[in-house]
Amino acid sequence: MNRKTKILIVEDEAPLMMLMVSVLTQVGCDVQAAHTGKKAMELAAERKFDLITLDIALPDATGFELCSELKGRHISRKTPVIFISASPRQQDIDEAKKRGAVDYLPKPFDITEFIYKVIYHAKASQRLHRQPFGPMEDATA
């Protein structure tokens, strides 16, 4: 069974959020979006995503705080995170990696690169965490 890749976009700039949601939907992803850290945490508690993108500057939290909180929850602990930020400072890139991000994309970004990175990391995570057997099945059966 081939299911849609589930992506959570966390971005407070509405036009950019709409663009990100639109292009990922066009390539076949199931996309949810949040413009605050609080809403992102609510969505992440409701369902498991294959990948989360985080802006660093949100109205109610930093992406760094949010990433640490997401990585502390069982349901999103292994979910890949890509930071997308207007700050290309090495200090922010290092902090993103320290918090568990798999990638960092500075704004403004090339939309093709954005799609590639999101799909690449989401699919890699799906392959890594795919269970070949159901919870009650045994490989020797």
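Being a predicted model, the structure only gives us computed values, none of them experimental.

Novice: Run through the pattern of salt bridges, naming residues and quoting values.
Specialist: For the structure on display, the rule yields 11 salt bridges. Across the salt bridge formed by Glu95 and Arg99, the nearest N and O atoms sit 2.6 Å from each other. With a shortest N-O distance of 3.1 Å, Lys117 and Asp103 are connected by a salt bridge. A residue pair is termed long-range when its members are at least 10 positions apart, and Lys117 in helix H5 (residues 111-129) and Asp103 in strand E5 (residues 103-106) qualify at 14 residues. Using a relative accessible area of 15% as the deciding quantity, one classes Lys117 as buried.

Novice: I'd like to hear about unusual backbone geometry, residue by residue, with values.
Specialist: Note the cis peptide between Lys107 and Pro108, where omega equals -10°. Checked against the element boundaries, Pro108 lands in the loop between E5 and H5.

Novice: Would you mind going over helix H2 (residues 37-46) in detail, with residue names and values included?
Specialist: Count 3.6 residues to each turn of an α-helix, and residues three or four apart come out pointing the same way. Among the residues making up H2, those that are buried are Gly37, Ala40, Met41, Leu43 and Ala44. Buried residues of H2 fall within an arc of 165° about the axis and therefore sit on the same side. H2 presents Lys38 and Glu46 as exposed residues on the side facing more than 90 degrees away from its buried surface. Contacts made by the buried residues of H2 are with strand E1 (6-10), strand E2 (30-34) and helix H3 (63-71).

Novice: So what's going on with H3? Residues and values would help.
Specialist: Every buried residue of H3 is accounted for by Gly63, Phe64, Leu66, Cys67 and Leu70. Projected onto a plane normal to the axis of H3, the buried residues spread over an arc of 160° and lie on a single side. Those residues of H3 hidden inside the fold are in contact with E1, H2, strand E3 (51-55), strand E4 (81-85) and helix H4 (90-98).

What counts, and where the lines are drawn
- Residues numbered from 1 in each chain as written.
- Predicted model: local features only at pLDDT ≥ 70, side-chain atom pairs only at ≥ 80, totals over all residues.
- Heavy atoms only, no water.
- Salt bridge = Lys/Arg side-chain N within 4 Å of Asp/Glu carboxyl O.
- Helix = DSSP H or I, 4+ residues; strand = E, 2+ residues; numbered from the N terminus.
- Buried < 20%, exposed > 50% of the residue type's maximum accessible area, 1.4 Å probe, protein only.
- Arc of directions from axis to C-beta.
- Contact = heavy atoms within 4.5 Å.

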